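Survey of secondary and tertiary structure
Residues per chain are reported as follows:
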Amino acid sequence: PLDGPTNMAVDHALADCCAPGRAVLRLYEWDRPTISLGRHQPAREEYDREAAERVGYAFVRRPTGGRAVLHDRELTYAVVVEPRSLGGARAAYVAIHRALLAGLAALGVPAELSTGGEGVGGLDARPCFADPAPGEIQVHGRKLVGSAQARIGRVVLQHGAILTINDQSALGQLVRNRDSAAPTGAPVAATLAGLAAPRVPSLVGDAVVRAFAHAIGAELVPDELSSRERETAHGLAERYADPAWTWRR
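Just so it is clear, the structure is predicted and the values come from calculations on it, not from any experiment. (Residues numbered from 1 in each chain as written. Predicted model: local features only at pLDDT ≥ 70, side-chain atom pairs only at ≥ 80, totals over all residues. Heavy atoms only, no water.)

1. Comments concerning the pairing of strand β8 (residues 142-152)
The side chains of a regular strand alternate, first on one face of the sheet and then on the other. In terms of burial, β8 is largely enclosed, as eight of its 11 residues are buried. In this sheet, β8 lies alongside strand β7 (residues 137-139) in antiparallel orientation, the contact comprising three bridges. Counted as the bridge partner of Gln 138 is Lys 143 from β8. Taking the residues between adjacent antiparallel strands as the criterion, β7 and β8 are bridged by two residues, where His 140 takes a positive phi near 50 degrees. Two elements, β8 and strand β9 (residues 155-163), share eight bridges in a ladder whose sense is antiparallel. Bridging from a neighbouring strand, Ala 148 pairs with His 159 of β9. Connecting β8 to the antiparallel partner β9 that follows it, the hairpin turn spans two residues, and Gly 153 within it adopts a positive phi of roughly 65 degrees. (Buried < 20%, exposed > 50% of the residue type's maximum accessible area, 1.4 Å probe, protein only. Helix = DSSP H or I, 4+ residues; strand = E, 2+ residues; numbered from the N terminus. Pairing = 2+ DSSP bridges.)

2. Some details on the sheet that holds strand β3 (residues 58-61)
Sheets are built from strands that pair by backbone hydrogen bonding, the pairs being arranged parallel or antiparallel. Read from one edge of the open sheet, three strands run β3-β2-β4, paired in mixed fashion. Because the sheet does not close on itself, it has two edges, and the strands there are β3 and β4 (69-71). The average angle at which neighbouring strand axes cross in this sheet is 30 degrees, direction not considered. Pairing of strand β2 (residues 34-37) with β4 involves three bridges; the strand directions are antiparallel. Looking at β4, one finds that Ile 35 is bridged to Leu 70. (Axes fitted to C-alpha atoms, helices over the stretch in contact; angles between N-to-C directions.)

3. What about the nonpolar core?
Core analysis: the largest hydrophobic core is formed by 24 residues, its most contacted members being Leu 100, Leu 104, Val 109, Ile 137, Leu 144, Val 145 and Ile 162. Looking at this core, the elements with two or more residues in it are β5 (74-81), α3 (89-106), β7, β8, β9 and α4 (201-216). Counting residues per element, this core draws most heavily on α3, at five residues. Aside from chain neighbours lying at most four places away, what touches Val 109 is Leu 104, Val 139, Leu 144, Leu 192, Leu 195 and Ala 197. The next biggest cluster of nonpolar side chains, apart from the first, holds 20 residues, and it includes Met 8, Val 10, Trp 30 and Leu 157. (Core = buried A, V, L, I, M, F, W, Y, C linked by side-chain atoms within 4.5 Å. Contact = heavy atoms within 4.5 Å.)

4. Overview of the sheet that holds β7
Read from one edge to the other, the open sheet built from six strands follows the order β1-β5-β9-β8-β7-β6, with strand pairing classed as antiparallel. The open sheet has two edge strands with one neighbour each: β1 (24-28) and β6 (112-113). Bridge count between β1 and β5: five bridges; the pairing is antiparallel. Note on β5: the bridge partner recorded for Val 24 is Val 80. Lying over the sheet, helix α1 (residues 4-17) contacts β1, β5, β8 and β9, oriented at roughly 170 degrees with respect to β1.

5. A short note on the side chain of Ser 36
Structurally, Ser 36 can be placed in strand β2. By relative accessible area, Ser 36 is classed as buried at 0%. Separated by 2.7 Å, the side chains of Ser 36 and His 71 make a polar contact. Setting aside anything within four residues of it in sequence, one finds Ser 36 in contact with Val 60, Arg 62, Arg 67, Ala 68, Val 69 and His 71. (Polar contact = N/O pair within 3.5 Å; in protein donor to acceptor, adjacent residues only side chain to side chain.)

6. Points about the pairing of β3
Residues of β3 alternate between two faces, with Ala 58 and Val 60 on one and Phe 59 and Arg 61 on the opposite face, all of them buried. Between the parallel pair β2 and β3, the chain is carried across by helix α2 (residues 49-54), and the sense of this crossover is right-handed. (Right-handed = clockwise from strand over helix to strand, strands pointing away.)

7. Details of the packing of α1 against helix α5 (residues 227-241)
Here α1 crosses α5 at 130 degrees, and the two axes come no closer than 7 Å. In terms of axis orientation, α1 runs oblique to α5. Crossing hand, α1 versus α5: right-handed. On the side of α1, the interface is formed by Pro 5, Met 8, Ala 9, Val 10, His 12, Ala 13, Leu 14, Asp 16 and Cys 17, while α5 contributes Arg 228, Glu 229, Thr 232, Ala 233, Leu 236, Ala 237, Arg 239, Tyr 240 and Ala 241. For the contact of α1 with α5, the class distribution of residues is 12 nonpolar, two polar and four charged. (Parallel < 35°, antiparallel > 145°, perpendicular 65-115°, else oblique. Left-handed = near helix turned anticlockwise from the far one by under 90°. Nonpolar A, V, L, I, M, F, W, Y, C, P; charged D, E, K, R; others polar.)

This is the structure we're talking about:
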């Protein structure tokens, strides 16, 4: 588990450094509960930062879009891939979700891809998980996996949270305008725990790795960050740790 700025910097560095014809799947956790904000999401006036600090929550702003996610007792995934290899950015978004869906199905999770709605509306303080967009993974109408994507050079970075226990309800307690948030304490999302499914992130991770290998028809080789990736991530971590970036909007 790493802190928020480091996790975002590593994801970004993997995209910056990805060699032609290569792809990366990263699975990770966070060292403390952290609220990640979408790249363009207004946040300065939306969240009670003092209340967040009192309960031990940190904030970080992602390189990707969308709305806020509370990373706590969940498994985060990141995929870096050339979008043309999967038919374009939107096709890559769906293909990645289909691979995640297959991994969850292997664990007996009755999830499906959302087909309703017209996508997510404006960038307000509601949690990312409040609105299943078309192509996202849900269970009984509630989002189980929240994802965001960004084009970085010639690749796309897509990352998101697979909820094991945390149903995102705590986010509502930190929003200044409660009318724009879910009711305090109300479950916002589906969780694996709520489905009596495996709660251990390693089990979910193993299932996801197998599903991705099957989906792309190639072996996934365990690896560590290269020296170039580490150096790039180290430089990017300063940006993601800078309050001027986190609270720029």
